[in-house]
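Next come the chains, spelled out residue by residue.
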Amino acid sequence: MNGSMRVWAWAGAVAGICVAVALVLVAVLVDLDTGDRVASVVGAVAGLAGCAVALVALLREPAADAEPGIDASGERAVGVGGGVRGIVSTGDNAALRAPDAGPPPPPAGTPSPGPSPSPGPVSAPGDRAIAIGGDLDGIASTGDAATTPP
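Rules of the game
Residues numbered from 1 in each chain as written. Predicted model: local features only at pLDDT ≥ 70, side-chain atom pairs only at ≥ 80, totals over all residues. Heavy atoms only, no water. Helix = DSSP H or I, 4+ residues; strand = E, 2+ residues; numbered from the N terminus. Buried < 20%, exposed > 50% of the residue type's maximum accessible area, 1.4 Å probe, protein only. Contact = heavy atoms within 4.5 Å. Areas by Shrake-Rupley, 256 points an atom, 1.4 Å probe, with all protein chains shown as cover. Expected span 1.5 Å × (residues − 1). Polar contact = N/O pair within 3.5 Å; in protein donor to acceptor, adjacent residues only side chain to side chain. Patch = residues over 30% accessible without salt bridge, like charges linked within 9 Å, V, L, I, M, F, W, Y side chains within 5 Å. Salt bridge = Lys/Arg side-chain N within 4 Å of Asp/Glu carboxyl O.

## What to know about the overall build of the chain
Scanning the chain for helices and strands turns up two helices and six strands. In the chain, the order of α-helices and β-strands from amino to carboxyl end is α-α-β-β-β-β-β-β. Within the chain, the proportion of its 150 residues that are buried is 13%. Of all intrachain contacts in the chain linking residues separated by at least 6 positions in sequence, the fraction that spans at least 24 positions is 71%. Taken as a whole, the chain presents about 10900 Å² of accessible surface, with 65% of it coming from carbon and sulfur.

## Details of the environment of Gly69
Among the structural elements, Gly69 can be located in the loop between helix 2 (32-60) and strand 1 (70-71). When its relative accessible area of 43% is taken as the criterion, Gly69 is described as partly exposed. C-alpha of Gly69 to C-alpha of Val122: the two residues are 53 residues apart in sequence and 6.1 Å apart in space.

## Some details on helix 2
Look at helix 2: 41 Å from first C-alpha to last across 29 residues, which is about the 42 Å you get at 1.5 Å a residue. The backbone nitrogen of Asp33 has a side-chain oxygen 3.2 Å away, supplied by the residue at the start of helix 2, namely Asp31.

## Comments concerning a nonpolar patch on the surface
A cluster of nonpolar side chains, contributed by Ile17, Val21, Val24, Leu25, Val28, Leu29 and Val30, occupies part of the molecular surface with about 680 Å² of accessible area. Along the chain, Val30 turns up in the loop between helix 1 (3-29) and helix 2. A relative accessible area of 38% means that Val30 is categorised as partly exposed.

## Some details on the environment of Val80
Among the secondary structure elements, Val80 is positioned in strand 2 (residues 78-80). The exposure class assigned to Val80 is partly exposed, which follows from its relative accessible area of 22%. Among residues more than four places away in sequence, those in contact with Val80 are Ile70, Val122, Ala131, Ile132 and Gly133.

## Side note on unusual backbone geometry
In this structure, Arg76 is a non-glycine residue whose phi angle is positive, near 60 degrees. Within the secondary structure, Arg76 is located in the loop between strand 1 and strand 2. Despite not being glycine, Arg128 has its phi angle at roughly 60 degrees, a positive value. Inspection of the secondary structure assignment puts Arg128 in the loop between strand 4 (122-123) and strand 5 (130-132).

Here it is as structure tokens:
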């Protein structure tokens, strides 16, 4: 949480405590009818403030489908936070084939390794750039008419 958000959080907490104390004082010091009216107005204002805060938070949040720490801003750029198994190509007319035979499967009862975790931010800012944050088990090509041996 950055500094300005922290200030707003503390301001909201202090305001909430002040409103709660004021409502208790109104309930104790004045009649029930007046307390009911004051509580209704305060509740309506609090509801509107909650809607405003939710709207601001919604507009400030990054898109839900955006992967944090991955930047593939160049034209036809590819950024992958974890590992890749297969083919990644940004070129034209690429005739790529996946490797024919991989390593043999592990013996029964041996746990298979999971996907590579993302080590951190991945950036592919240039045109046709490829950035992979984990292991590459396959082919990555940025050229035109790239081929692999049969």
